[in-house]
Amino acid sequence: MTDATHARIGVMFDRDWAPESLPGFARQAEALGVDDLWVVEDLGWNGGVSAAAVALGATERLRVGIGIAPAPLRSPALLAMELATLARVFPGRLVAGIGHGVREWMESVGVAPRSPLTLLEETITSVRALLRGERVELDGREVRLDGVQLVHPPVQVPPVVAGVVRPRSLELSGRVADGTLIAEGHGPQDLANTRALTAKGGAASDHTLTVLAFACVGDDPADVARTLHPHTEGHGAWLGRPQEDVFTVSGTAAEAVGRIGELAAAGADTVVLRIVGEEPLRQLAGVLDALGRLGTP
């Protein structure tokens, strides 16, 4: 893919938004013509599986992604059961993201693993096997499953993607996951490196790459910059890079489409907009209109 018109376009339901607004937001986003809606599971905010269920139940065609379920916080057996239920009721409309979780958060609830890499590998491997209907026997370093099997595995198995950032984790994603979910702030050069690392891990040609991106769309460059500033500043510190190097999908609608095109050209299959500022649905509509994809809300 070489331009924005070939990428799937998603929108994030931000963790700071009131959960009771999720059904209406999902319906409006679907009516606008967006491909995906992604929900967040961060400690203390919303539950990812329950939020995905709400969004799926409120819509008819929208694909819903969970970004991400922290492996230490979730029993692989229970997570597979929850995902299978959603996939049975809403076939073909779910993407399950699993990641390490924030180490400090995992420590705060007493579930930090001895080996985050091992736990993530054992979790993704066992969840995928359970979703395929297999009987799983695993006596691993972090996960133990003694002959667990789903009674109602999904007919259409949802893709399981790894939400990871660091090199060894990206290689792991290429080895065990259906795709990789990349956090906000990563630009085209980062995606080229991601593709190389997942390929090193053994990723097949159908291994997908989903990219989250801060987005702010408006005609006043100074206002856009002011709105983005606190988000890019904090995220730059988390990524360990200067604020000006935090990639965003921002500017006018046409400029935002150009930035999506840069990500698509670098290998992104799906670009998920984490919209900041006022009237996120209006901003989303502007991007979709510039792409020629705007529906009738």
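Right above here is the structure, for reference.
Residues numbered from 1 in each chain as written. Predicted model: local features only at pLDDT ≥ 70, side-chain atom pairs only at ≥ 80, totals over all residues. Heavy atoms only, no water.

So, about helix α10 (residues 280-291). Relative to the 16 Å expected for twelve residues at 1.5 Å per residue, α10 spans 17 Å between its end C-alpha atoms, a close match to the ideal helical length. Residues of α10 that are buried: Pro280, Leu281, Gln283, Leu284, Ala285, Val287, Leu288 and Leu291. Packed against the buried residues of α10 are β1 (8-12), α1 (22-32), β9 (208-217), α9 (253-265) and β11 (270-275). (Helix = DSSP H or I, 4+ residues; strand = E, 2+ residues; numbered from the N terminus. Expected span 1.5 Å × (residues − 1). Buried < 20%, exposed > 50% of the residue type's maximum accessible area, 1.4 Å probe, protein only. Contact = heavy atoms within 4.5 Å.)

To continue, consider the packing of α9 against α10. Viewed as axis vectors pointing N to C, α9 and α10 meet at an angle of 75 degrees, and their least axial separation amounts to 9 Å. The orientation of α9 relative to α10 falls into the category roughly perpendicular. Contacts from Ala253, Ala254, Ala256, Val257 and Ile260 of α9 reach α10 at Gly286, Val287, Ala290 and Leu291. Here the residues of the contact of α9 with α10 sort into eight nonpolar, one polar and no charged. (Axes fitted to C-alpha atoms, helices over the stretch in contact; angles between N-to-C directions. Parallel < 35°, antiparallel > 145°, perpendicular 65-115°, else oblique. Nonpolar A, V, L, I, M, F, W, Y, C, P; charged D, E, K, R; others polar.)

This brings us to the pairing of strand β8 (residues 179-182). With burial as the criterion, each face of β8 is covered, one bearing Gly179 and Leu181 and the other bearing Thr180 and Ile182. Where strand β7 (residues 160-163) lies against β8, three bridges are found, and the strand directions are parallel. Residue Ala162 lies in a different strand from β8, and its bridge partner there is Thr180. Crossover β7 to β8 through helix α6 (residues 167-176) is right-handed. Where β8 and β9 come together, four bridges link them in parallel fashion. (Pairing = 2+ DSSP bridges. Right-handed = clockwise from strand over helix to strand, strands pointing away.)

Let us look at the side chain of Glu41. Mapped onto the elements of the fold, Glu41 is located in the loop between β2 (36-39) and α2 (48-58). Residue classification places Glu41 among the buried residues on the basis of a relative accessible area of 7%. Side-chain polar atoms of Glu41 contact the backbone nitrogen of Gly48, separated by 2.6 Å. Of the polar contacts made by the side chain of Glu41, one reaches the side chain of Arg74; its length is 2.6 Å. (Polar contact = N/O pair within 3.5 Å; in protein donor to acceptor, adjacent residues only side chain to side chain.)

It is worth spelling out the side chain of Ser173 at this point. Residue position: Ser173 is located in helix α6. Not counting residues within four places of it along the chain, the set of residues in contact with Ser173 comprises Ala162, Val164, Gly179, Thr180 and His207.

On to α2. Here α2 has its buried residues at Gly48, Val49, Ala51, Ala52, Ala55, Leu56 and Ala58. For α2, the elements touching its buried residues are α1, β2, β3 (63-70), α3 (76-89) and β4 (94-99).

Attention now goes to the packing of aromatic side chains. Following the criterion strictly, the structure yields four aromatic pairs and no others. Ring geometry for Phe13 versus Trp17: centroids 5.4 Å apart, planes at 80 degrees, classification edge-to-face. Judged by its relative accessible area of 3%, Phe13 is buried. By relative accessible area, which is 23% here, Trp17 ends up partly exposed. Between Trp17 and Phe25 the ring centres are 5.2 Å apart and the planes differ by 55 degrees, which places this aromatic pair in the tilted class. When its relative accessible area of 8% is taken as the criterion, Phe25 is described as buried. Site record: aromatic cluster; members linked through ring pairs are Phe13, Trp17 and Phe25. Taking NZ or CZ as reference, Arg15 lies 3.9 Å from the ring centre of Trp45, over its face. It is Arg259 that lies over the ring of Phe247; its NZ or CZ is 4.1 Å from the centre. (Phe/Tyr/Trp six-rings, centres within 6.5 Å; stacked < 30°, edge-to-face > 60°. Lys NZ or Arg CZ within 6 Å of the ring centre and 35° of its normal.)

What follows deals with the pattern of salt bridges. Taken as a whole and judged by the stated rule, the model has 20 salt bridges. For Arg74, the salt bridge goes to Glu41, with nearest N and O atoms at 2.6 Å. Here Arg74, found in the loop between β3 and α3, pairs with Glu41, found in the loop between β2 and α2; they are 33 residues apart in sequence, far enough to count as distant. Between Glu107 and Arg103 there is a salt bridge; the shortest N-O distance is 3.4 Å. One end of the pair, Glu107, and the other, Arg103, are both in helix α4 (residues 103-108), four residues apart, so they sit about a helical turn from each other. For Glu107, a relative accessible area of 47% corresponds to the partly exposed category. According to the relative accessible area criterion, Arg103 is partly exposed, its value standing at 36%. The structure contains a network of salt bridges with shared partners spanning Arg8, Asp36 and Arg63. (Salt bridge = Lys/Arg side-chain N within 4 Å of Asp/Glu carboxyl O.)

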